[in-house]
Amino acid sequence: MYTNELLEEKYKAQKELSHQAEIEKKDYLELIEEEVQELFKKNGWNLKYSKRRGGKRR
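Below is a summary of the structure that appears in this document. Every chain is numbered on its own, with residues counted from 1 as its sequence reads. For a predicted model such as this one, the threshold for reporting local features is a pLDDT of at least 70, and the threshold for listing and counting side-chain atom pairs is 80 or more; totals across whole chains, interfaces and linings nevertheless cover every residue. Only hydrogens and water are set aside when side-chain values are computed; all heavy atoms of the structure are taken into account.

### Observations regarding unusual backbone geometry
- Even without glycine at this site, Lys25 takes up a positive phi of about 55°.
- In this description a helix means any DSSP run of H or I spanning at least four residues, a strand means any run of E spanning at least two, and both kinds are numbered starting from the N terminus. When you line up the elements, Lys25 lands in the loop between α1 (5-23) and α2 (28-43).

### Structural notes on the packing of aromatic side chains
- Here is the rule: rings of Phe, Tyr and Trp (six-membered ring for Trp) pair when centre to centre is within 6.5 Å. Planes less than 30 degrees apart are stacked, more than 60 are edge-to-face, and the remainder are tilted. In total, this model carries one aromatic pair according to the counting rule given.
- Aromatic pair Phe40 and Trp45: ring centres 5.2 Å apart, planes at 85°, arrangement edge-to-face.
- Exposure remark for Phe40: the relative accessible area of 21% places this residue in the partly exposed category.
- Exposure categories follow from relative accessible area, calculated using a 1.4 Å probe and restricted to protein chains: below 20% of the type maximum is buried, above 50% is exposed, and the middle band is partly exposed. You can call Trp45 partly exposed: its relative accessible area is 45%.

### Comments concerning a negative patch on the surface
- Residues Glu5, Glu8, Glu9 and Glu16 make up a contiguous surface patch of negative charge.
- Structurally, the position occupied by Glu9 is in helix α1.
- Residue Glu9 is classed as partly exposed on the basis of its relative accessible area, which comes to 48%. Patch membership needs two things, relative accessible area over 30% and no salt bridge, and members are linked within 9 Å if like-charged or within 5 Å if nonpolar (Val, Leu, Ile, Met, Phe, Trp, Tyr). Note on areas: Shrake-Rupley with a 1.4 Å probe; residue coverage comes only from the protein chains shown. By definition here, a salt bridge exists when the distance from a side-chain nitrogen of Lys or Arg to a carboxyl oxygen of Asp or Glu is within 4 Å. Under the convention used here, Asp and Glu are negative, Lys and Arg are positive, and both His and the chain ends fall outside the count. By convention, charge coordinates are those of NZ in Lys, CZ in Arg, CG in Asp, or CD in Glu.

### Let's talk about a nonpolar patch on the surface
- Where nonpolar side chains cluster on the molecular surface, the patch consists of Val36, Leu47 and Tyr49 and spans about 270 Å² of accessible area.
- Take Tyr49: it is sitting in the segment after α2.
- Overall, Tyr49 belongs to the exposed group, its relative accessible area being 53%.

### A short note on α1
- How far a helix is expected to stretch is found by multiplying one less than its residue total by 1.5 Å. Across its 19 residues, α1 extends 27 Å between first and last C-alpha, which sits within 8% of the 27 Å expected from 1.5 Å per residue.
- Where α1 terminates, the next one or two residues include Lys25, which has phi positive at roughly 55°.

### Points about the pattern of salt bridges
- As enumerated under the stated definition, the model contains two salt bridges in all.
- Look at the salt bridges and you will find they share partners, linking Glu24, Lys26 and Glu34 into a network.

Written out as structure tokens, the structure is:
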């Protein structure tokens, strides 16, 4: 498997977020969405969702 420093940091962050989701008894994607919303609010950015095609959203 190909790896570099950037990918290693990405995997490390994902592992930590997954662990945090378990502790908070939340779904991983729910935790990520909350973190992103908080980041955008903190920085005064607008968060826009595009219409999704196909599949289901939980």
